[in-house]
Amino acid sequence: MKAIRRFSVRPVLPEPLRPLSELARNLRWSWHPETRELFQSVDPEGWRAAGGDPLRLLGSVSADRLAALAEDRRFRRRLAAAADDLHDYVTGRRWYQDQPAGLPAAVAYFSPEFGITAALPQYSGGLGILAGDHLKSASDLGVPLIGVGLLYRHGYFRQSLSREGWQQEHYPLLDPNELPLSLLREPDGTPARVTLALPGGRCLHAYVWQAQVGRVPLLLLDSDVEDNGSGEREVTDRLYGGGSEHRLLQEMLLGIGGVRAVRAYCRITGHPEPEVFHTNEGHAGFLGLERIRELTEQGADFDAALECVRAGAVFTTHTPVPAGIDRFEAALVSRHFADGAELPGIDVERVLALGREDYPGGEPNLFNMAVMGLRLAQRANGVSTLHGRVSREMFAGLWPGFDPEEVPIASVTNGVHAPTWVAPEVFRLGARQIGAGRAEDALAVGGSQRWDTVADISDAAVWELRRTLREQLVEEVRERLRASWRERGAGTAELGWIDGVLDPDVLTIGFARRVPSYKRLTLMLRDRERLTELLLHPERPVQIVVAGKAHPADDSGKRLVQELVRFADDPRVRHRIVFLPDYGMAMAQKLYPGCDVWLNNPLRPLEACGTSGMKAALNGCLNLSVLDGWWDEWYEPDFGWAIPTADGAAMDDDRRDDLEAAALYDLLAQRVAPRFYDRAAGGLPGRWIEMVRRTLATLGPKVLAGRMVREYVERLYAPAAEAHRSLDPIAAQELAAWKARVRAAWPAVAVDHVEAVSDGPLNGTAELGSTVSLRVSVTLGELDPSDVEVQAVAGRVDSADRLDRAAAFPLKATGAVGLDGRRLYEGPLTLDRTGPFGYTVRILPAHRLLADGAELGLVAVPSSEGTGEAAGVLMR
């Protein structure tokens, strides 16, 4: 029989045990070993059955056991210590509180998904895990962040396999009352909610659920509200589900509703209002429109409001390809922002202009969420150095006239939250060297360039640790593989072979991630006989653990999963290669530490960052990867291997995959496996252990989310807060008027004449250290010299006279306007490098409130016909 209604019945804890409830509801337990150990001691068997979820554990423990614990003085002392530690953690001074004055009072951080813990399954992959790690590290550092997302009643999906190896999806219903969440309530006790207007007089209502991530509140909007119609109730049903209008409504709720939820939270709790709004990928981009609406209701016009919003906004892009960006038909967006729908009082044409692809190669009938994100934020960044470069090239059309390297998109390389991802055994080994307190600070806050104390750990201790972690992974794999085969319909009698799957003494390779085509799940299968030889090598075998989910609508990705599964089902190799379904955080926390090598073979440069290898590295696992994302930035032969990239312009896909797969096999056979199995006296692989040490000592401090969040604070949040404070309503109106005046006058701005005078002959060569005096005549039309900066730009040149790694410096105005209306600028150019060298001049808009000279996308350069006697100087 099926119940007609479901309730969540919570246990009544004895008074001495009441602190358990607070400990269970603050998600710090997910990265705090002592708190997890406390809950495990409540009921070890129940803890395992609850999947390490304290709330589920407390809902199942017997009243007799609770009564016994209430009388257990030792347990009560441990409970009091854990509660006191949490109180100190959430109220004490941390890194942020010790920084100089001027940092933002609060930062709102918007993301479509958050991977905090498997007990709150609101993530699909790397973007969500990164967002979760960002919140946890902000908490560790004391950054006053407010997270904002959606509460998906079905989460992403659970994955299983059919007997034939085809991916199957399941969407279990999540009850918020059974999750570590609480409803945000008004002072009178009624649930707080936000409302959006929809076309046709309909409304979209949403409740606001709150998760506590250490010091950081995470607000999740839930459209499953009785006052909603059936369609509106399903807006937050699934992560990345539904068609275009469904996705648009999700993103409107996340952005517009999210700002309203933040306002309600700050009003109800007294939390400081955010001075900076950070959009993690374009999905939440509509938040800028809501902030514009707020300001226009206070009397600002649209342009002044736009300047205010931009000043305090940060936009992070995570995709290296246009196909990865959400784009909607302009007509659909127009319908949802026209009269009678959302954001009344704002001209829908102004909304559409923010997301319009009105640049060469764009599609003007589409509304691009990333383009809107960039136009609504004065500061933007990619998530690795290489991805920043790719992003500048991808979005260069928004800044016409500027070289891609001058496009104002910076880079902050992602990091991972070490307390979440470092195995307890690894932490304990470090704590024995430097003490538990210093070890915690090293992982959470960071700041060191190297972890040199790793060198003091003996070879034997390192190797014993690696074998222990590998052995734990083997047990985990066998347990999960057995459960998977039972789901596929196998009986117990068929599964005896699983007891021999994997070997704790064999070189173990991990590969786990989402399964879009560019990540190339099946590249390892390119030459199956070669792979089989590696797996079954008599002296130097390898074993591979694979996991990954394809998007439910991606049949090509599902075929890749099936291809891998069928190979792994082959009785010849199934003890050496396994595919584990339902990849998620709980599996990952066992998988990363237990592998010796982490494999990553995406199509370069399509991996924006790729943080799975970072988590592996923090546990002493070596990386074997294509030079993409973070590995392109930090790879060194001392601690890993680089798979060569076959990226010639004439290379077809099949040929490229063949070449890169062959390079992968060669690396495994000739360098990786021999290094692992090369044992010195005592049976220890000394050279391998040294690579593990170098991985921990050199990569460890770099890959920390603590380092990442500190960079966001110092390079993006602090300047954004300062800019936000500088733009009071009067300053914003003046800046908007100045921009409008400059744009209108710019067609008349021109570089008329460039003259170079050298202290030596200018006959195509010059000597290092000599100086060229530049005299530049410009026309400014209706603009004043204070509206512009005239620059000389100099550097090396290639065979086509394109400047490379150029440096810009301002020229000075010499005096009053000439009779012909032109102005003269002068300045010296020092020839400070040898080789082919050249220069040019340009005019940019200049204003004290601009974050970058390229911000307006306006530049005047010499005409192609030439403007003077010397187009440049070459030094050879």
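Basis of the calculations
- Residues numbered from 1 in each chain as written.
- Predicted model: local features only at pLDDT ≥ 70, side-chain atom pairs only at ≥ 80, totals over all residues.
- Heavy atoms only, no water.
- Helix = DSSP H or I, 4+ residues; strand = E, 2+ residues; numbered from the N terminus.
- Rg over C-alpha atoms; globule rule 2.2 N^0.38 Å.
- Buried < 20%, exposed > 50% of the residue type's maximum accessible area, 1.4 Å probe, protein only.
- Areas by Shrake-Rupley, 256 points an atom, 1.4 Å probe, with all protein chains shown as cover.
- Lys, Arg positive; Asp, Glu negative; His and termini not counted.
- Charge placed at Lys NZ, Arg CZ, Asp CG, Glu CD.
- Salt bridge = Lys/Arg side-chain N within 4 Å of Asp/Glu carboxyl O.
- Pairing = 2+ DSSP bridges.
- Axes fitted to C-alpha atoms, helices over the stretch in contact; angles between N-to-C directions.
- Parallel < 35°, antiparallel > 145°, perpendicular 65-115°, else oblique.
- Contact = heavy atoms within 4.5 Å.
- Nonpolar A, V, L, I, M, F, W, Y, C, P; charged D, E, K, R; others polar.
- Arc of directions from axis to C-beta.
- Patch = residues over 30% accessible without salt bridge, like charges linked within 9 Å, V, L, I, M, F, W, Y side chains within 5 Å.
- Phe/Tyr/Trp six-rings, centres within 6.5 Å; stacked < 30°, edge-to-face > 60°.
- Lys NZ or Arg CZ within 6 Å of the ring centre and 35° of its normal.
- Core = buried A, V, L, I, M, F, W, Y, C linked by side-chain atoms within 4.5 Å.
- Right-handed = clockwise from strand over helix to strand, strands pointing away.
- Disulfide = S-S within 2.5 Å.

**Q** Quick one: what's the story with the overall build of the chain, residue by residue and with numbers?
**A** Broken down by element type, the chain carries 28 helices and 27 strands. In terms of overall size, the chain behaves like a compact globule, its C-alpha atoms giving a radius of gyration of 30 Å where 876 residues would be expected to give roughly 29 Å. Across its three principal directions, the C-alpha atoms of the chain cover 95 × 70 × 50 Å. Within the span of the chain, comprising 876 residues, buried residues form 56% of the whole. Taken as a whole, the chain presents about 35,800 Å² of accessible surface, with 49% of it coming from carbon and sulfur. When the 100 basic and 120 acidic side-chain charges of the chain are each reduced to a single mean position, those positions are 5 Å apart.

**Q** A description of the pattern of salt bridges should follow, citing residues and the corresponding values.
**A** For the coordinates displayed, the defined rule picks out 64 salt bridges. The shortest N-O distance in the salt bridge between Arg-842 and Glu-406 comes to 2.6 Å. With Arg-842 in strand β27 (residues 837-845) and Glu-406 in the loop between α15 (385-394) and β14 (410-411), this pair connects stretches of sequence that are 436 residues apart. You can call Arg-842 buried: its relative accessible area is 9%.

**Q** For the sheet that holds strand β24 (residues 803-810), give the residues involved together with the corresponding values.
**A** Read across the open sheet, the three strands follow the order β24-β23-β27; overall the sheet is antiparallel. Only two strands of the sheet have a single neighbouring strand rather than two, namely β24 and β27. Averaged over all neighbouring strand pairs, the angle between strand axes comes to 25 degrees, with direction disregarded.

**Q** Let's hear about the packing of helix α25 (residues 653-677) against helix α26 (residues 686-699): which residues, and what values?
**A** Running from amino to carboxyl end, α25 crosses α26 at an angle of 105 degrees, the nearest separation of the two axes being 6 Å. Compared by their axis directions, α25 and α26 come out roughly perpendicular. For the pair α25 and α26, contact is made by Val-672, Arg-675 and Phe-676 and by Arg-687, Trp-688 and Met-691, respectively. Here the residues of the contact of α25 with α26 sort into four nonpolar, no polar and two charged.

**Q** Report on helix α18 (residues 436-444), specifying residues and quantitative values.
**A** Regarding α18, the residues found buried are Ala-439, Leu-443 and Ala-444. Projected down its long axis, α18 carries its buried residues within an arc of 120 degrees, all on one side. Tucked inside the fold, the buried residues of α18 contact α7 (126-141), α16 (418-421), α17 (424-434) and α27 (705-726). Phi turns positive, to about 75 degrees, at Gly-446, one or two residues after α18.

**Q** Describe a positive patch on the surface, listing the residues and the values that go with them.
**A** The grouping of Arg-73, Arg-74, Arg-77 and Arg-78 at the surface amounts to a positive patch. Secondary-structure assignment places Arg-73 in helix α6 (residues 73-91). Arg-73 gets classed as exposed once you look at its relative accessible area, which sits at 61%.

**Q** Tell me about the packing of aromatic side chains, and please be specific about residues and values.
**A** This structure, assessed with the given rule, holds 20 aromatic pairs. Each residue in the set Trp-463, Trp-641, Phe-676, Tyr-677 and Trp-688 is aromatic and connected to the rest through ring pairs, giving one cluster. Sitting above the plane of the Phe-511 ring, Arg-513 keeps its charged end 4.4 Å from the centroid.

**Q** So what's going on with the sheet that holds strand β20 (residues 640-643)? Which residues, and what values?
**A** Taken together, the six strands give an open sheet; going across it, the order is β17-β16-β15-β18-β19-β20, and neighbouring strands pair in parallel fashion. Each edge of the open sheet carries a strand with a single partner, namely β17 (577-580) and β20. Looking at each pair of strands side by side, their axes are set apart by 20 degrees on average, direction ignored. Sheet topology places strand β15 (residues 507-512) next to strand β16 (residues 542-547); six bridges connect them, and they run parallel. Looking at the pairing, Ile-509 lines up with Ile-544 of β16. Contacting β16 and β17, helix α21 (residues 555-569) runs over the sheet at an angle of about 135 degrees to β17. Along the sheet, α25 contacts β15, β16, β18 (597-600), β19 (622-626) and β20; its crossing angle with β20, the most-contacted strand, is approximately 165 degrees.

**Q** Now, about the nonpolar core: what can you tell me, with residues and values included?
**A** By size, the foremost hydrophobic cluster in this structure holds 108 residues, and its most contacted members are Leu-507, Met-524, Leu-624, Trp-641 and Trp-688. If near-sequence neighbours (up to four positions away) are discounted, Trp-641 is found in contact with Val-597, Leu-622, Asn-623, Leu-624, Ser-625, Trp-631, Tyr-635, Leu-667, Arg-671, Val-672, Trp-688 and Met-691. The next biggest cluster of nonpolar side chains, apart from the first, holds 59 residues, and it includes Ala-192, Phe-302, Phe-337 and Val-351.

**Q** How would you summarise the pairing of strand β1 (residues 107-110) if you had to cite specific residues and measurements?
**A** Where burial is concerned, the two faces of β1 agree: the one with Val-107 and Tyr-109 and the one with Ala-108 and Phe-110 are both buried. Of the strand pairs in this sheet, β1 and strand β2 (residues 145-150) are connected by four bridges, and their pairing is parallel. Paired with Tyr-109 across the two strands is Gly-147, which belongs to β2. Between the parallel pair β1 and β2, the chain is carried across by α7, and the sense of this crossover is right-handed. By the bridge criterion, four bridges tie β1 to strand β9 (residues 276-280) in an arrangement that is parallel.

**Q** Outline the pairing of β2, listing residues and values.
**A** The buried fraction of β2 amounts to six of the six residues, a majority that puts the element mostly inside the structure. Both faces of β2 are covered, namely the face carrying Leu-145, Gly-147 and Gly-149 and the face carrying Ile-146, Val-148 and Leu-150. Both β2 and strand β8 (residues 216-222) contribute to a ladder of four bridges, which runs parallel. What sits directly across from Gly-149, in β8, is Leu-220.

**Q** Give a detailed account of the state of the cysteines, specifying residues and quantitative values.
**A** Simply put, disulfide is the name for a covalent bond between the sulfur atoms of two cysteines. If you walk through the whole model with that rule in mind, you get zero disulfides. The thiol sulfur of Cys-308 is not disulfide-bonded, and the nearest other cysteine sulfur, from Cys-266, lies at 18 Å.

**Q** Requested: an account of a negative patch on the surface, with residues and values cited.
**A** Together, Glu-34, Glu-37, Glu-440 and Asp-441 line one region of the surface with negative charge. At the level of elements, α2 (33-42) and α18 are the ones that each hand at least two residues to the negative patch. Locating Glu-37 in the fold gives a position in helix α2. Glu-37 sits in the partly exposed class, given a relative accessible area of 40%.

**Q** So what about unusual backbone geometry? Which residues, and what values?
**A** Omega for the peptide link from Arg-604 to Pro-605 comes to 5 degrees, which places this bond in the cis form. Mapped onto the elements, Pro-605 comes out in the loop between β18 and α23 (612-617). Although it is not a glycine, Leu-502 adopts a positive phi angle of roughly 65 degrees. Position of Leu-502 among the secondary structure elements: in the loop between α19 (459-487) and β15. With a relative accessible area of 3%, Leu-502 lands in the buried category.

Keep in mind that these numbers describe shape and distance, not what the molecule does.
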